[in-house]
Amino acid sequence: MTRMLRGLCLIVCLILPVCSLELPRTAATVAGEWRIATPESEGVDSDLLAAAIESLRERRAEIHSLLLVRHGKLLAESYFYPYDGKVPHDIASVTKPITTTLVGLAINQGRIASVSEPMLSVFSGQPAANTDPRKQKVTIEHLMTMSSGLGCKAQAGEPTLWEMLSAADNLRFMLDLPMSDEPGSRYVYCSGGMHLLSGAVTRRTGLSAEAFARKNLFTPLGIRQWIWPRDPQKISHGFGNLHLLPRDMARIGQLFLDEGRWEGRQVVPAEWVAAATKPRIRTGGPGSSDYGYGWRIPTNGSPVAFEASGRGGQQISILKSASAVVVVNGGGFNSGELMKQIHAAIRSDRPLPENPTALARLQRAISAAIRPHAPLPVAPLPALASRISGRQWNLESNWLGLKSITLDFKAAQTGQTGQTARAALVFAPALKQYQFGISAQVTGRNSISETRPVGLDGLFRISPNGILGLPVGLRGNWIDDRTFQLEFNEIANTNTYFLRFTFDGERLRVEASEKTGLFKENFGGSPTS
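Residues numbered from 1 in each chain as written. Predicted model: local features only at pLDDT ≥ 70, side-chain atom pairs only at ≥ 80, totals over all residues. Heavy atoms only, no water.

**Some words on the sheet that holds strand E5 (residues 226-227)**
1) Next: Read from one edge to the other, the open sheet built from three strands follows the order E4-E6-E5, with strand pairing classed as antiparallel. The sheet terminates laterally at strand E4 (89-90) and E5, the two strands that pair on one side only.
2) Next: Examined bridge by bridge, E5 and strand E6 (residues 243-244) share two bridges and lie antiparallel to one another. Within E6, the position partnered with Trp-226 by the bridge is Leu-244. (Pairing = 2+ DSSP bridges. Helix = DSSP H or I, 4+ residues; strand = E, 2+ residues; numbered from the N terminus.)

As structure tokens, then:
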């Protein structure tokens, strides 16, 4: 996939509701809701939790949610502007241990022989290219521990994952990869291997991983709502992009804390939970974690026994010694300091004296976190704003596939919409897939465009119908008399894009990047004549 097409695939469906997306279904539940309790009743200090949440808001940290469960009770639940917790959030690579859990359930049902079953045995009838005696040795367990020996390139944004997603058949692409190592000899992060596991579940059960999870995992846990993208062959993404509500992420964590039991029912075999969360291979490097079956096991003395983590700050952490589960979502968040604060707040295995004052402080902090900050004063717009307003700028070929940009400041100048501008982004068509591999095709068009409101007062103007029908928010500001920065926040879809436009006469310079490091590049443009 060329860089321009890859960027197009990444962005167009992120922005445009015109793409035809086949969305997954949701399910009913048979399980109950979370039991709610005060922190003090479970030995947790409300004052310290409140201080942590207040600090996150004050620092405007890129956190979206924070949940603390202890002894099976939900003690604290905070959402941070602009995410409100009402829609499923992309959990990124937290998907991986859910995929391996489904493999464990398939093994328990006799659908897959064992973790030692060869990969090629599961995919028999689909001969693989690049034949190599080592490929015959690759097992299900090797895929689950990122030690398959397949020639995955993990550096600089996982190029092998991009190549897989651009292929017509994702599973075929992975099966055809040449070998680079002896299976089991070395850890190499390989998202495509997890996608092969999703394909293995489908091959042996006749159901997509999503449908198998609905029956055997989600419904028993009471998970009612999710979004799970699929590849062109309708294989659920085994590597990432599953979207869950934060409360439902906590259900997964509690299930593993309780050794596979939920509300008295053994949903996942206890033996599988123990096997999946046991260190299987070293990931290498100081301060790194060991790796189990998709789960990370910290080795630095952390109170976390094991956890699932994903790009942008997605996290399910199990503090086994404290009988606690911590869930975090983010848009570029590092939870290291927060986890220290939460661990400090867990003060006793016995109830603490109730503290109404501290509890009220915690409730105020939670209420404040979800609200936007006060709008910032907006300085008079530079004279250049009038000259470029409504003018279309054609752009050089770029990673994003962005063809042109039009900024409209007329309404903001007259004060009609509370300091709101508008941005029209035009992209190249000919779209097959984007980053998440959901089928989407636009034909018979020379361009695809979308116009959205942009807050100039430091607050996002949130509009619906972004990728997967989830909301997006835009804001921007003039950095100087010639440079305007546009921030495009996908909120529940994790990514935030920055486009910095510098106008220099009849030339435009663009600096483009994504907050979590997906890309960074510069390119130019000129006005439509």
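**Let's talk about the nonpolar core**
1) Next: Core analysis: the largest hydrophobic core is formed by 89 residues, its most contacted members being Leu-102, Met-119, Met-174, Leu-196, Leu-217, Trp-228 and Ile-316.
2) Next: Setting aside residues no more than four positions away along its own chain, Met-119 makes contact with Lys-135, Val-138, Thr-139, Leu-143, Leu-150, Leu-175 and Leu-196.
3) Next: The next biggest cluster of nonpolar side chains, apart from the first, holds 34 residues, and it includes Ala-385, Ile-388, Leu-402 and Phe-501. (Core = buried A, V, L, I, M, F, W, Y, C linked by side-chain atoms within 4.5 Å. Buried < 20%, exposed > 50% of the residue type's maximum accessible area, 1.4 Å probe, protein only. Contact = heavy atoms within 4.5 Å.)

**Details of the packing of aromatic side chains**
1) Next: Summed over all chains, the structure comprises 15 aromatic pairs.
2) Next: Judged by centre distance (6.0 Å) and plane angle (75 degrees), the ring pair of Tyr-79 and Tyr-83 falls under edge-to-face.
3) Next: In this structure Tyr-79 comes out as buried when scored by relative accessible area, which is 10%.
4) Next: Grouping aromatic residues by their ring pairs yields a cluster made of Trp-393, Phe-409, Trp-478, Phe-484 and Phe-503. (Phe/Tyr/Trp six-rings, centres within 6.5 Å; stacked < 30°, edge-to-face > 60°.)

**What to know about helix H14 (residues 356-369)**
1) Next: Taking 1.5 Å of rise per residue, the 14 residues of H14 would be expected to cover 20 Å, and the 20 Å separating its terminal C-alpha atoms lies within 8% of that figure.
2) Next: Residues of H14 that are buried: Ala-358, Leu-359, Leu-362, Ala-365, Ala-368 and Ala-369.
3) Next: For H14, the elements touching its buried residues are helix H2 (46-58) and strand E3 (73-79). (Expected span 1.5 Å × (residues − 1).)

**Focus: the pattern of salt bridges**
1) Next: Applying the stated rule across the entire model yields 24 salt bridges.
2) Next: Its salt-bridge partner being Glu-54, residue Arg-361 comes within 2.7 Å of it at the nearest N-O pair. Of the two residues, Arg-361 sits in helix H14 while Glu-54 sits in helix H2, which places them 307 residues apart along the sequence.
3) Next: On the basis of relative accessibility, which here comes to 30%, the residue Glu-54 falls in the partly exposed class. (Salt bridge = Lys/Arg side-chain N within 4 Å of Asp/Glu carboxyl O.)

**Some details on unusual backbone geometry**
1) Next: Looking along the chain, the bond that leaves Tyr-81 and enters Pro-82 is cis, with omega of 10 degrees.
2) Next: With respect to the helices and strands, the residue Pro-82 is situated in the loop between E3 and E4.
3) Next: Phi at Lys-234 is positive, roughly 65 degrees, even though this residue is not glycine.
4) Next: One can find Lys-234 in the loop between E5 and E6.

**Regarding the state of the cysteines**
1) Next: For the coordinates displayed, the defined rule picks out one disulfide.
2) Next: With a sulfur-sulfur separation of 1.9 Å, Cys-152 is cross-linked through a disulfide to Cys-190. Taken together, the residues span a long stretch of sequence, with Cys-152 in the loop between helix H6 (140-144) and helix H7 (159-166) and Cys-190 in the loop between helix H8 (170-176) and helix H9 (191-205) at a distance of 38 residues.
3) Next: The class of Cys-152 is buried, set by a relative accessible area of 12%. (Disulfide = S-S within 2.5 Å.)

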